[in-house]
Amino acid sequence: MRSVLAAMVLAASATTFDPPAVAQTTAQAANKPRIVILATGGTIAGAGASSVNSASYSAAKVAVDKLIAGLPELGRVAEVRGEQVMQVASESLSNEDLLKLAHRVSDLSKRADVDGIVITHGTDTLEETAYFLNLTVHTDKPVVVVGSMRPGTALSADGALNLYDAVSVAGSADAKSKGVFVTMNDEIHTGRDVSKLVNIKTEAFKSQWGPLGMVVEGKNYWFRAPIKRHTTQSEFDIDQIQNLPRVEIVYGYENAQRAVVDAIGTQPGLQAIVHAGTGNGSVANRVVPALQELRGKGINVIRSARVPAGFVVRNAEQPDDKYDWVVAHDLNPQKARILAMVALTKTRNPKELQRIFWEY
Ligand code: DAS
């Protein structure tokens, strides 16, 4: 970010978090799209001890009004106001936080004086939040989730341009009805496909089927559109969701024992378990009986894969039809958990769940 912002951020990081930001507008933004920035924390609101701390810093330090004030260029593309919904590092977000954020996005999307919404967010679980919003917020207005890999105090910080791009896309007429986006590193991704695949570079986010497009100097270049159901096409509506069923994830690896599955199976309220299997979502022969026992208790079993690309095929190494299991298709384990939670608000029938995993 700019040196003035870096100074502000360094100063800000020395103080405790300010109270929720008041609305901020930028004078030169008159007659431009009206964008609300909902801030949740993360590195994009982070601060390091010096400009050379690009990897060691504290996330979730800088309030949204300082982020906006430090980026006056936002006024070129939008009339911006900010709200501090929370201030946390995203690895610590809870289902309650996710619901709070999604309900706020839904409420704002209904307002005539809101043309688009940007959510600043930690990068660690950004893909989960973006997918959840894609599944449940019924709006055709652009909603963009954005983060950064370096804090604003660092040399060659990426947050400023990421945020500028996000606000630009959120105010774009050609971004309507395409679902929830993630803009990072000049790319526009669908919240469904994108995942954080690199944990130490600014080019951290990838979609195995490719980005939807790019944003360069405030102009969007589209190359494909989502075909999976989202937002207004979704049968799931955040306005009808007040709680999320419990879904946990278990990892597959050499020498995996059933004890981990048995332990998770005792958790109160568990409705499904996502298995992050090896290869094509394969499950160790020692673990299969434990999952079958859970299925026998009415807990759904969803086979995903620890392999970052490709998709899990039904009835490949595991007889899913026989076991009454569900496959996560191309969704990684963390996204499979998000979809499972949303789907379980409507059905616990594995055949219905499988339909939902094909369609979303
Ligand atoms: N801890 C990380 C998070 O909040 C920091 C980041 O990369 O945004 O997701």
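Bear in mind that the values here come from a model prediction, so they are computed numbers and not experimental data.

**Quick look at the sheet that holds strand β12 (residues 270–277)**
Reasoning step 1: What the 4 strands build is an open sheet, ordered β11-β12-β13-β14; its pairing is parallel. Of all strands in the sheet, those bounded by a partner on one side alone are β11 (246–251) and β14 (326–327).
Reasoning step 2: Bridging between β12 and strand β13 (residues 300–305) involves 6 bridges; their strand directions are parallel. Across the sheet, the residue bridging to glycine 277 is alanine 305, located in β13.
Reasoning step 3: Each of β11 and β12 is contacted by helix α7 (residues 258–265), which is oriented at about 170 degrees to β11, the strand it contacts most.

**Remarks on the packing of helix α10 (residues 333–344) against helix α11 (residues 350–359)**
Reasoning step 1: Relative to each other, α10 and α11 sit at 130 degrees, their axes nearing to 10 Å. Between α10 and α11, the crossing angle belongs to the class labelled oblique. Of the two elements, α10 crosses α11, and the hand of that crossing is right-handed. On the side of α10, the interface is formed by Ala336, Leu339, Ala340, Ala343 and Leu344, while α11 contributes Leu353, Ile356 and Phe357.
Reasoning step 2: For the contact of α10 with α11, a count of residues per class yields 8 nonpolar, no polar and no charged.

**Some points on the site of the ligand**
Reasoning step 1: By nearness alone, every residue bordering the ligand is listed as Gly42, Thr43, Tyr57, Ala89, Ser90, Glu91, Gly122, Thr123, Asp124, Ser148 and Lys196.
Reasoning step 2: Taking threonine 43, its main chain carries an N or O atom lying 2.8 Å from an oxygen atom of the ligand.
Reasoning step 3: Between the ligand and the protein, one listed contact pairs an oxygen atom with a side-chain N or O atom of threonine 123 at 2.5 Å.
Reasoning step 4: Per-class residue counts for the shell around the ligand are 2 nonpolar, 6 polar and 3 charged.

**Here's the deal with the environment of asparagine 280**
Reasoning step 1: Relative to the assigned elements, asparagine 280 resides in the loop between β12 and α8 (288–296).
Reasoning step 2: Each C-alpha atom, one on asparagine 280 and one on glutamine 257, is 19 Å from the other, the two residues being 23 residues apart in sequence.
Reasoning step 3: There is a polar contact of 3.0 Å between the side chain of asparagine 280 and the backbone nitrogen of valine 313.

**Some details on unusual backbone geometry**
Reasoning step 1: Positioned with a positive phi, asparagine 315 is a non-glycine residue whose angle comes to about 60 degrees.
Reasoning step 2: Within the secondary structure, asparagine 315 is located in the loop between β13 and α9 (320–323).
Reasoning step 3: Judged by its relative accessible area of 34%, asparagine 315 falls in the partly exposed class.
Reasoning step 4: For aspartate 324, which is not glycine, the phi dihedral falls at a positive 65 degrees.
Reasoning step 5: Note on placement: aspartate 324 falls in the loop between α9 and β14.

**With respect to the environment of aspartate 97**
Reasoning step 1: Along the chain, aspartate 97 turns up in helix α4 (residues 95–109).
Reasoning step 2: C-alpha separation for the pair aspartate 97 and threonine 129, spaced 32 residues apart in sequence, amounts to 9.9 Å.

**Some thoughts on a nonpolar patch on the surface**
Reasoning step 1: On the surface, a cluster of nonpolar side chains totalling about 390 Å² of accessible area is made up of Met214, Val216, Tyr221 and Phe223.
Reasoning step 2: By the element assignment, tyrosine 221 lies in strand β10 (residues 219–222).

**What about the nonpolar core?**
Reasoning step 1: Counting 78 residues, the largest nonpolar core has Val118 and Val167 as the members making the most contacts within it.
Reasoning step 2: Of all the elements, α10 adds the most residues to this core, at 8 residues.
Reasoning step 3: With sequence-adjacent residues up to four places away left out, valine 167 is seen in contact with Ile35, Ile37, Leu74, Val77, Ala78, Val80 and Val118.
Reasoning step 4: Of all hydrophobic cores here, the second largest spans 16 residues; its members include Val250, Ala256, Val301 and Tyr323.

Conventions and cut-offs
Residues numbered from 1 in each chain as written. Predicted model: local features only at pLDDT ≥ 70, side-chain atom pairs only at ≥ 80, totals over all residues. Heavy atoms only, no water. Pairing = 2+ DSSP bridges. Helix = DSSP H or I, 4+ residues; strand = E, 2+ residues; numbered from the N terminus. Contact = heavy atoms within 4.5 Å. Axes fitted to C-alpha atoms, helices over the stretch in contact; angles between N-to-C directions. Parallel < 35°, antiparallel > 145°, perpendicular 65-115°, else oblique. Left-handed = near helix turned anticlockwise from the far one by under 90°. Nonpolar A, V, L, I, M, F, W, Y, C, P; charged D, E, K, R; others polar. Near = heavy atom within 4 Å. Polar contact = N/O pair within 3.5 Å; in protein donor to acceptor, adjacent residues only side chain to side chain. Buried < 20%, exposed > 50% of the residue type's maximum accessible area, 1.4 Å probe, protein only. Patch = residues over 30% accessible without salt bridge, like charges linked within 9 Å, V, L, I, M, F, W, Y side chains within 5 Å. Areas by Shrake-Rupley, 256 points an atom, 1.4 Å probe, with all protein chains shown as cover. Salt bridge = Lys/Arg side-chain N within 4 Å of Asp/Glu carboxyl O. Core = buried A, V, L, I, M, F, W, Y, C linked by side-chain atoms within 4.5 Å.

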